[in-house]
Amino acid sequence: MTATTPTPVRRARGISKRSVLPWVFLAPGLLLALVFKFWPMAKGIWLSFFKVRPFLGDQWVGLDNYTRVLSDHRFQDAVGHTLVLGIGMSLGGILVGFVLALLLEGQSRSLKIVRTAVFLPVVTATAVVGELWRLLYYPTSDGLINHGLSFLGLGPTQFLDNPGTALWSTMAMGIWMSAPYNMVIILAGLAGVDRSLYEAAAMDGVSLWQRLRHITLPAIRPAIGIVLTLAAIRGLRVFTEVYVLTGGGPAGSTDVWMTRAYTLGFTRNDIGGASAASVVLLGVTLLLTVTVNYFRKRGDAR
């Protein structure tokens, strides 16, 4: 009697229910992203090549919008302000966030409450935060900061009305808002540090600075890379902080990339120029993101 081996059952080729189900759940989010993000983005790129004339028909101008915007001295000044503000907010936010993470690291219940309180600026609307800081910067002795300076014998300072201090005052608010967000990411990186390394370093008499340099910083390098990438993108796209505090003034001293594009589009009704400025910002943001990720991966591979 010969034994018969069962023939394997071949599954019918095609789309299985298991492979389709995730896309069913993703469909609403993808549809919203398509309608409210990717389609407007594509429309903005398209309009950047036209002189937009409502009710008269758009006129093709090619790269003239880009040439006109990039050669505008006010736009060049706005780019310079964006770089100063972005670099200051990024580095300041990372440094303050790192210090906060070191101070608030631990599993104590009281630390969790403090971390929640410190994180509140991140979840608060930027417009509300801007109005609060406008009150702090109030240019008379009634303002909180100027009231404190009066105890040191310093007169009221025009923080937002002085072209020499307006940009730095905006930077201070940006650091205050971004530092708690960076703190959370760095705390996640600190949670993965091997505690035995600290114990061995303490037994060998290693100083605090050496522990930070040779143990903590190498261990949280991936977290720092993520924070740096996000901070760079936020720095280039800063808008609400400047718009609420100064509106780009005084005398254009705080005018940044996004406020300049906003002015072109909604004040001067130059939709083509505003679209060109936004497309250039998109390109620079993508280039910066790729560059930061390249150096981050190169550093991790070493």
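Above: the structure in question.
Structural notes, computed from the coordinates. Quick caveat: nothing in here was measured; it's all calculated off a predicted structure. (Residues numbered from 1 in each chain as written. Predicted model: local features only at pLDDT ≥ 70, side-chain atom pairs only at ≥ 80, totals over all residues. Heavy atoms only, no water.)

### Comments concerning the overall build of the protein
Looking only at helices and strands, one finds 13 helices and two strands in the protein. Relative to a compact globule of 302 residues, whose C-alpha radius of gyration would be 19 Å, the protein shows 26 Å and is clearly more extended. Here the protein holds 302 residues, and the buried ones make up 36% of them. Summarising the internal contacts of the protein: among those between residues at least 6 apart in sequence, 65% fall at separations of at least 24. Only carbon and sulfur atoms are counted for the fraction: they give 67% of the accessible area of the protein, which is about 19300 Å². If you average the places of the 27 positive and of the 15 negative side-chain charges in the protein, the two averages end up 14 Å apart. (Helix = DSSP H or I, 4+ residues; strand = E, 2+ residues; numbered from the N terminus. Rg over C-alpha atoms; globule rule 2.2 N^0.38 Å. Buried < 20%, exposed > 50% of the residue type's maximum accessible area, 1.4 Å probe, protein only. Contact = heavy atoms within 4.5 Å. Areas by Shrake-Rupley, 256 points an atom, 1.4 Å probe, with all protein chains shown as cover. Lys, Arg positive; Asp, Glu negative; His and termini not counted. Charge placed at Lys NZ, Arg CZ, Asp CG, Glu CD.)

### Here's the deal with helix α10 (residues 221-236)
Here α10 spans 23 Å end to end across 16 residues, near enough to the 22 Å set by a 1.5 Å rise per residue. Buried residues of α10: Ala223, Gly225, Val227, Thr229, Ala231, Ala232, Ile233, Gly235 and Leu236, and no others. (Expected span 1.5 Å × (residues − 1).)

### Quick notes on a nonpolar patch on the surface
A cluster of nonpolar side chains, contributed by Leu31, Leu32, Leu34, Val35, Phe36, Phe38, Met41 and Ile45, occupies part of the molecular surface with about 780 Å² of accessible area. Position of phenylalanine 36 relative to the elements: it lies in helix α1 (residues 17-47). (Patch = residues over 30% accessible without salt bridge, like charges linked within 9 Å, V, L, I, M, F, W, Y side chains within 5 Å. Salt bridge = Lys/Arg side-chain N within 4 Å of Asp/Glu carboxyl O.)

### Regarding the packing of helix α3 (residues 73-103) against helix α7 (residues 166-190)
Running from N to C, α3 and α7 point in directions that differ by 45°, and their axes come no closer than 6 Å. With respect to each other, α3 and α7 are oriented oblique. Relative to α7, α3 is oriented so that their crossing is right-handed. Looking at side-chain class alone, the contact of α3 with α7 contains 18 nonpolar, nine polar and no charged residues. (Axes fitted to C-alpha atoms, helices over the stretch in contact; angles between N-to-C directions. Parallel < 35°, antiparallel > 145°, perpendicular 65-115°, else oblique. Left-handed = near helix turned anticlockwise from the far one by under 90°. Nonpolar A, V, L, I, M, F, W, Y, C, P; charged D, E, K, R; others polar.)

### Thoughts on unusual backbone geometry
The omega torsion of the bond from glycine 249 to proline 250 falls at -5°, within 30 degrees of zero and hence cis. Backbone geometry places alanine 251, a non-glycine residue, at a positive phi of 55°. Position of alanine 251 relative to the elements: it lies in the loop between α11 (240-245) and α12 (257-267). Classification of alanine 251 as exposed rests on a relative accessible area of 83%. Although it is not a glycine, asparagine 269 adopts a positive phi angle of roughly 55°.

### With respect to the pattern of salt bridges
Applying the stated criterion across every chain, the model contains two salt bridges. A salt bridge links arginine 68 to aspartate 270, with the shortest nitrogen-to-oxygen separation between them at 2.6 Å. Pair noted here: arginine 68 is in helix α2 (residues 64-70) and aspartate 270 is in the loop between α12 and α13 (271-301), with a separation of 202 residues, a long-range link. Put simply, arginine 260 and aspartate 72 hold a salt bridge, and the shortest N to O gap is 3.1 Å. Placement of the pair is arginine 260 in helix α12 and aspartate 72 in the loop between α2 and α3, with a sequence separation of 188 residues.

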